[in-house]
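Remarks on the overall topology
Next come the chains, spelled out residue by residue.
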Amino acid sequence: MTTPSKNLMLLGTRKGLFIFELDGNSTWQFRSHTHIGIPIAYAMLDHRSGILWACQDHGHWGQKLVRSRDLGETWEEVTAPAYPDGEQIINSFATGGKTEKKPATLRYLWCMAEGGDDRPDRLFIGTEPGGLFVSEDGGDSWSLVRGLWDHPSRTEGNWFGGGRDDAGIHSIIIDPNDSARILIGVSCAGVFESTDDGTTWNPRNTGLRADFLPNPDAEVGQDPHLVVMCPSHTDALWQQNHCGIFRSTDGAKTWQDAGERDGGPANFGFAIAVDQRDPDTAWVVPGLSDERRVTVGAALVVCRTEDGGKSWQQLRNGLPQDHAYDIVYRHALDLHGETLAFGSTTGNVYTSLDRGDTWHCLGTNLPPVYSIRFAVAHESPK
């Protein structure tokens, strides 16, 4: 007997977790709203275990980590990652050479990732202030990945905050063909790679550009906004960077500028998605600039390239073209097959079932959207 499955869309918002379910092949239907009034920084479904995870940002009460084994019907709190006593945040890169130190405490649970199909109990969490945590027991306990935390570029003070108080890990990529290969994106430090299960790490920022630094080509200090990998071509990676859109075809060893430099909108932004089969196809939702975080020309547009960034197509069908000021956070765009969805800081959510050619509005009165992730949930046959 086949196991029934549900196509879900998970929305982490400022006022809780919303779950929508695809009705047949055409319409997203509201399923549930949980953690009402609590900011959900990130939510994901572990396809290996069927467990739904949510990172809660309680502000005054701190960071909480919760999970559900029944698709959000009931929840349990688990122990969140914690920095060991005595760990320090060290900053000299952004302070004119003067070294500043302060205690390292958990400030934000920024993202989560599965640890590989061959490691069914392994999970990762990226945090501010720049620590990567791993669990080997399905999230019951967490430990700091020492090889990254103790990397000389961090201990020498060359990691710093990009838009938040301290450096933060927002991208965690596990090679689907080799779970010992891990890539992470740090704002601000750059892309780092481990090929030995997290024991040692190397910066992978050659070809990137940090226009805000005295040395734009610095090995460390780059500001990726989000890094993604093509699952079927694991040497193909894309990133939406503070200073443009970049692409790698050699496993992040080098990066090439793939954004529009002729005045087109595909340049600044936060979110990026890559096709699961075609490494040359990617989507971004542009903004005007870091200083002016609004849409380009007060019109909402998604841009798609199908030739590795040589050219970009503007996808506007179904999106508002007047008085639209939506900005899309780095985790608030996702792709599954032909389906895309994104949500904005103004509580608007748009979906497309045809790779972005046409868009449909799911809602305009939702809370600000922090993350959108598609998930396929398998249910036991009755």
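Our subject in this report is the structure included herewith. (Residues numbered from 1 in each chain as written. Predicted model: local features only at pLDDT ≥ 70, side-chain atom pairs only at ≥ 80, totals over all residues. Heavy atoms only, no water.)

1. Things to note about the overall build of the protein chain
The secondary structure content of the protein chain amounts to two helices and 30 strands. Taking 382 residues into account, the globule formula puts the C-alpha radius of gyration at 21 Å, and the protein chain, at 20 Å, falls close to it. By its C-alpha atoms, the protein chain is 55 × 50 × 40 Å across when sized along the principal axes. Buried positions account for 58% of the 382 residues belonging to the protein chain. Taking all contacts inside the protein chain whose residues are at least 6 apart in sequence as the whole, residues at least 24 apart take part in 50%. (Helix = DSSP H or I, 4+ residues; strand = E, 2+ residues; numbered from the N terminus. Rg over C-alpha atoms; globule rule 2.2 N^0.38 Å. Buried < 20%, exposed > 50% of the residue type's maximum accessible area, 1.4 Å probe, protein only. Contact = heavy atoms within 4.5 Å.)

2. Focus on the pairing of strand β23 (residues 282–286)
A large share of β23 lies buried, amounting to five of its five residues. The alternating pattern of β23 places Ala282, Val284 and Pro286 and Trp283 and Val285 on opposite faces, both of which are buried. Inspection of the sheet shows strand β22 (residues 269–274) paired to β23 by four bridges, in the antiparallel sense. What sits directly across from Ile272, in β23, is Val284. As paired elements, β23 and strand β24 (residues 302–305) share three bridges and run antiparallel to each other. Note that in β24 the partner of Val284 across the bridge is Cys303. (Pairing = 2+ DSSP bridges.)

3. What about the nonpolar core?
In this structure, Leu65, Met112, Leu132, Leu148, Ile172, Ile184 and Phe192 are the most contacted members of the largest nonpolar core, which totals 38 residues. For this core, the secondary structure elements donating two or more residues are β4 (40–45), β5 (52–57), β10 (108–114), β11 (123–128), β12 (132–135), α1 (146–149), β14 (168–174) and β15 (182–187). The element best represented in this core is β10, accounting for four residues. The residues contacting Leu148, other than those within four sequence positions of it, are Leu132, Trp159, Ile169, Ile184, Phe192 and Trp201. Judged by nonpolar contacts, the second largest core, of 29 residues, contains Met9, Ala332, Leu335 and Phe342. (Core = buried A, V, L, I, M, F, W, Y, C linked by side-chain atoms within 4.5 Å.)

4. Overview of the packing of aromatic side chains
Summed over all chains, the structure comprises eleven aromatic pairs. Between Trp28 and Phe374 the ring centres are 5.7 Å apart and the planes differ by 25 degrees, which places this aromatic pair in the stacked class. Of this pair, Trp28 sits in strand β3 (residues 27–34) while Phe374 is found in strand β30 (residues 369–378), placing the two residues 346 residues apart along the sequence. In this structure Trp28 comes out as buried when scored by relative accessible area, which is 9%. An angle of 75 degrees between the planes, with centres 6.1 Å apart, marks the rings of Tyr108 and Trp110 as edge-to-face. For Trp110, a relative accessible area of 8% translates into the label buried. Among the aromatic residues, ring-to-ring pairing joins Tyr83, Phe133 and Trp149 into one connected group. (Phe/Tyr/Trp six-rings, centres within 6.5 Å; stacked < 30°, edge-to-face > 60°.)

5. A look at the sheet that holds β14
Ordered in space as β14-β15-β16-β17, the four strands form an open sheet in which the pairing is antiparallel. Unpaired on one side and paired on the other, β14 and β17 (202–203) mark the two borders of the sheet. Sheet analysis places β15 next to strand β16 (residues 190–194), joined by five bridges and oriented antiparallel. Each bridged residue has a counterpart across the sheet, and for Leu183 the counterpart in β16 is Glu193.

6. Considerations on the environment of Ala271
Tracing the backbone through its elements, the reader meets Ala271 in strand β22. Note on Ala271: relative accessible area 0%, which makes it buried. Counting along the chain gives 60 residues from Ala271 to His331, while the straight-line C-alpha distance between them is 6.2 Å.

7. Side note on the pattern of salt bridges
A pair can form between side chains of opposite charge whenever their charged atoms are brought close. With the rule as written, the count across this model stands at 27 salt bridges. Here Glu193 ties to Arg204 by a salt bridge, and the two come within 2.8 Å at their closest N and O atoms. Highlighted residues: Glu193 in strand β16 and Arg204 in the loop between β17 and β18 (224–230), separated in sequence by eleven residues. What makes Glu193 buried here is its relative accessible area of 5%. As a salt-bridge pair, Arg209 and Asp211 come within 3.1 Å of each other at their nearest N and O atoms. (Salt bridge = Lys/Arg side-chain N within 4 Å of Asp/Glu carboxyl O.)

8. Description of the sheet that holds strand β19 (residues 233–241)
The four strands lie next to each other as β18-β19-β20-β21, forming an open sheet whose pairing is antiparallel. Among the strands making up the open sheet, the edge pair consists of β18 and β21 (256–257). Taken together, the two bridges between strand β20 (residues 244–248) and β21 define a ladder with antiparallel strand orientation. Of the residues in β21, the one forming a bridge with Phe246 is Asp257.

9. Considerations on the pairing of β19
Burial analysis of β19 places seven of its nine residues in the buried class, the great majority of the element. The pairing of β18 with β19 spans six bridges and is antiparallel. Within the sheet, the bridge partner assigned to Val228 lies in β19 and is Trp238. The hairpin turn running from β18 into β19, its antiparallel successor, is two residues long. Strand direction decides the pairing type here: β19 and β20, joined by five bridges, are antiparallel. Within the sheet, the bridge partner assigned to Leu237 lies in β20 and is Ser248. Between the antiparallel neighbours β19 and β20 lie two residues.

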